[in-house]
Structures are given as structure tokens and as C-alpha cells.
Amino acid sequence: MELRSPVCGKLCGALLLEHFGSIVQNVAMDLFKNGEKSLNSIRSTTKLQLSKIQEALCVLIKLGFVSYQQNSKGILMYTIDVEKIILILRYSRFMFFVKDNCGDESEMLFEEILKHGYETASNVIIKIYKRQLCNRPERQYSLPVLKEKFELLVQNQFLMRSVCSEKCSDEGPTERQDFSLPNLDLKSLTLMAKGANGDPGDAKIYWRVNYDRFAQDLRDQLLISAITKRIDANAGELMRRMLYQMYLRTASWADTSNPIPFTELRDVIKKLESPGPGLIQYLDQYLHLIEEDSCQFIRKVGDSSGGQFSINMKEAINQLAWATIENIVMERFGSKAARVFRLIRAQKFIEQEKIQQMAMTPAKETKHITYTLLQENYIQLQEVRKPGVSAAPMKTFFLFHIDLDQVVRMAIEHCFHALHNTIQRREYETSTNKRMIDKHLKIQTLTATFKEKGATQEQLEEMESMMTLPEKTQLEKVTNQVKQLGVSELQIDDTLFLLTTYLRYNEKKKKETTK
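My aim in this report is to walk through the structure given alongside it, one point at a time. Please read all numbers here as calculations on a predicted model, not as lab measurements. (Residues numbered from 1 in each chain as written. Predicted model: local features only at pLDDT ≥ 70, side-chain atom pairs only at ≥ 80, totals over all residues. Heavy atoms only, no water.)

The next subject is the overall build of the protein chain. Secondary structure assignment for the protein chain yields 22 helices and 10 strands. Overall, the protein chain is about 90 × 70 × 60 Å in size when its C-alpha atoms are taken along their principal axes. Among the 515 residues that make up the protein chain, the fraction classed as buried is 44%. Within the protein chain, counting contacts between residues at least 6 apart in sequence, those at least 24 apart form 64% of the total. Taken as a whole, the protein chain presents about 27,900 Å² of accessible surface, with 51% of it coming from carbon and sulfur. Counting 71 positive and 65 negative side-chain charges, the protein chain places the averaged centre of each group 4 Å from the other. (Helix = DSSP H or I, 4+ residues; strand = E, 2+ residues; numbered from the N terminus. Buried < 20%, exposed > 50% of the residue type's maximum accessible area, 1.4 Å probe, protein only. Contact = heavy atoms within 4.5 Å. Areas by Shrake-Rupley, 256 points an atom, 1.4 Å probe, with all protein chains shown as cover. Lys, Arg positive; Asp, Glu negative; His and termini not counted. Charge placed at Lys NZ, Arg CZ, Asp CG, Glu CD.)

In C-alpha cells:
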């Protein structure tokens, strides 16, 4: 999906400024505005020093935000990848997911690669080992444990081999995924950890984050969460197990999964340590409930082996996208507007008079709602002429309909705008109260130091009294605002991910149709 709108550019600029500074932001935004550019062209438009531009490009290339290739004249041309920059919003979510599935050690290893873009396994393991040795010797991890945790990350496909080296960048999303592990030599790792020379056996074998795997996990979580809310926790767990079985026989981003036998599902759930009360006993009823649900997440495709079921992945995402847009209409225009929107969706094409008859609201109000939705581009109007007649006005009628693709794209733009505003507001609150926040952090550091030295309770209370009551009240207010903005950012990104996933499925079909 191509993202090149001005609002998207503002969001990318805000993210890059927050995490990498103004020089990296200026270089990236120059590429965003002008597309493919050479180094000299970037220099002429940004007016930055050549060395600064080169450093910024190195950062952007290593993190996968920029790629390059030679043109016919042998000049390197640089291109920005907007979707990779927007993924910065989900970094914390990726790390939490790794921690939840693989543990604290894996999270630290993963974070190191996430920060640097790509790195060798031996370098990452030694960095984490030395850091823990210096910062928290009581929780020191052994090299064999860190090696095992790194291998776990690769086995779970959170990391994948990269073609990156000191002189090249990622080939992009078309690169063949490779999860083959090198045999690391622990003796060499031990020598390197002590500062000696050693060859662990993974020279120039670099690893990077497999973002596609995280996209799959977030997509699956949407489906599980939706089924849990609509039915119950048992149905959500059943959906989770069906998704696991889907990956054994179907490509990750296929529109529909290959059939999953009932007997296979039953055997898988029996092996669970805590499948949930009643899930085994009422397995067939839960499958029937999910199948008959209006969301159409699964469908029965055969009766052999107790029945076979297929997951309608594309249809499930479509239904979730419809529900999201309906909720947006509800929040912006009210319940009556949502009713009109659902009516037009159900009828596909409908005249104004029929909307007024079926909406069960006063005709004048219904007309006002309809044209408000039309003005805001949530519904569209199509002119239809009766065949075989003249083009007189009386022979033409107008039908309201919904172009979901268009509405989703508009909603994505709104998400970009909301995310940009949220980041800007958070930055404003932080910078405005920077002196007070710094003072609070300084007091906390001093208090912790005094505690370690055995300070009395009176001395600690005296330290805390350095902040006045109004300052404490203001600090609490600012802290709550920043937390609330952070939560809002995550919630908006949830909506953004769902809508971009919808476009991913539907644009894929359009490309196949075009071919």
C-alpha cells in the first residue's frame, strides 16, 4: 500500500524527530517529498553538510527506512519506505509480545537488534552479557542461556537472516526468508566476552526483525479478541488453536485457509493443559456458533472426519473493517447516522426515498443525515439513467452506496492526523514541564542514593520536601496526561493496523485481477 499523503509525511516526520533528531528527519522528509533522489540532490535541497547527510542515510538504511539502487548512469538513488517508519509506533508492542512468548532475556536480545536494524548473533549475545555483568550482576545470564534464547527467537521466526553487511542494505519485502541458524562456538563467545579474539562462526551472518511475523500475530490477535468479545473466552481459545493449525497447511496471508478437520482440532485441544471449562465437551457447538455468526470468520467445507472447517481470513478482516467504520460513524454523527449507514450497507444501492421509508426517523432528519454522510465522504452518490430513454432530468435517478475502499483510506488519513496530534501534544506537555520533570527525577535519584548509604527517615523526608505541593500536583497532572496520550496512541494504532490490513488483502486481489 502506497502512503504518500501530506498528513502521513507529518506523522513520519514527528516519529523520526522524536527518535533520531532533526538531521535524520530532514533527510528522510526530503526523500518523502521528492521520491527517489541521489546524494548530491539531497545535499542541494537540504543545504546540510555532506558528512551529516551520509550519517543520516547510514542510520535510515541500517534501520530499513531507506533503500537504494544504481540507476542506468551508475548513480546511487535513495528511496524511503514509509510503512517501515510507521512501524516505530508498534516497537513497544513487538517487545512485549517477544517478552510474553520467549522471556526477559529474549526481549533484551530482540531490543538490541531492533535498535540497530541488523546485527550478528555473537555481537548481540556478548553485548547483553556485558551489560548485565555491569548493571545487574545479581541477575547475570550465562552465555549458553543467551545463545539458547537467541535461537528461540529465530525458531519462533521473530528474527530472520538479512543480506545486510557493512556495505549493503535490505533487499526489501521480496527477500527470501531464511531462518537457518549457524552453529555458534561457545568457547569463542567466552573468549570474546573476556576481551580476547575468537571466531564464533557467524561472521557476516546478520539478523533483522521479521516484521511480517508480527503483522500476522497482531492480525490473529484481532480475530481472537473479536470472537472472545462476541461469544466467550472458550470460543477465543478455539479460534487461536484453529489459527495455529491453519499455519501448518496454508500460506500466512492466504485469503482462505485449507480445510481443518474436526478430529484434528479435538486432538489438539485435548492436549492443552487448561483448555477451559466445557471447551472439549461442547467443541462442536462452539464451532457451530462461530460458523453461524454474522462475522463469517469460519465456514464448514466438508462433512468427512466429523466435519472440516476453513478460516475466511479476508472476510473476517473485511467484517472487522466494516464494524470499525460503523463505530466511527456512530461516534462522529450519532446512532441515527449509524443506522442510515448500516441500511445503505445492507441494501448496497438505495434511493433517498427508500432510506426515509426504512430508517424509521423523520424524513427531514434522515435527509439531513444522508447528505451529511455524503458531504463527509462516508457514502457516495451514483447517477443512473434508465436505458433507452432521453437524458431528461425526470429519466435519471440517484442511488446512495458505500465504497469501503475509499472510506477506509479516508479513515487511515484521519488516524495519521490523530497520531500526529497526539505525538505533538505529548511533546508539548513534556517540554513545557521539563524543568519540573527533571527536578523530580533528580530528587528520585538522590533519594535512592541516600537509601543505599543508610540515610535516616528524616533525611529522606527532607529530600522529598524539595518539591512543593503545587509542583507535586502539577507533576501528577502532567504524568496522567502523558499516560493518557500514550494509551490513545496505542488505540489509534490498533485502528490503523486493522484498516491497513484490510487494504493489504483487497489490494492483493486487485493486483491479481489486473494481471
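Take the nonpolar core next. Ranked by size, the top nonpolar core spans 131 residues in total, and within it Phe 110, Leu 238 and Phe 297 carry the most contacts. Among the elements that make up this core, the one with the highest residue count is helix 19 (residues 404–432) (10 residues). (Core = buried A, V, L, I, M, F, W, Y, C linked by side-chain atoms within 4.5 Å.)

Despite not being glycine, Lys 47 shows a phi value in the positive range, around 60°. On the secondary structure map, Lys 47 appears in the loop between helix 3 (39–46) and helix 4 (50–62). Using a relative accessible area of 70% as the deciding quantity, one classes Lys 47 as exposed. The residue Met 360 is not glycine, and still its phi comes out positive at about 60°. Along the chain, Met 360 turns up in the loop between helix 17 (352–358) and helix 18 (363–375). Among the residues examined, Met 360 registers a relative accessible area of 69% and is labelled exposed.

On to the packing of helix 12 (residues 233–247) against helix 14 (residues 283–292), then. At their nearest, the axes of helix 12 and helix 14 sit 10 Å apart, and the two run at 85° to each other. What the angle tells us is that helix 12 and helix 14 run roughly perpendicular. Facing helix 12, whose interface residues are Asn 234, Ala 235, Leu 238 and Met 242, helix 14 presents Leu 283, Tyr 286, Leu 287 and Ile 290. Of the residues belonging to the contact of helix 12 with helix 14, the class tally is 7 nonpolar, 1 polar and no charged. (Axes fitted to C-alpha atoms, helices over the stretch in contact; angles between N-to-C directions. Parallel < 35°, antiparallel > 145°, perpendicular 65-115°, else oblique. Nonpolar A, V, L, I, M, F, W, Y, C, P; charged D, E, K, R; others polar.)

Read from one edge of the open sheet, 3 strands run 6-8-7, paired in antiparallel fashion. In this open sheet, the two strands that pair with only one neighbour each are strand 6 (260–261) and strand 7 (298–302). Relative to strand 8 (residues 308–311), strand 7 runs antiparallel, the two being bridged by 4 bridges. Looking at strand 8, one finds that Ile 298 is bridged to Ile 311. With respect to the sheet, helix 14 is in contact with strand 7 and strand 8, its orientation differing from that of strand 7 by roughly 110°. (Pairing = 2+ DSSP bridges.)

Summed over the entire model, instances satisfying the criterion amount to 28 salt bridges. Across the salt bridge formed by Arg 230 and Asp 293, the nearest N and O atoms sit 2.9 Å from each other. Taken together, the positions of Arg 230 in helix 11 (residues 211–230) and Asp 293 in the loop between helix 14 and strand 7 put the pair 63 residues apart, joining distant regions of the chain. Look at Asp 293 and you get buried, because its relative accessible area is 15%. Linking Lys 336 and Glu 365 is a salt bridge whose minimum nitrogen-to-oxygen distance equals 3.0 Å. Within this pair, whereas Lys 336 is found in helix 16 (residues 335–347), its partner Glu 365 is found in helix 18, the two being separated by 29 residues in sequence. Given the relative accessible area of 34%, Lys 336 is considered partly exposed. (Salt bridge = Lys/Arg side-chain N within 4 Å of Asp/Glu carboxyl O.)

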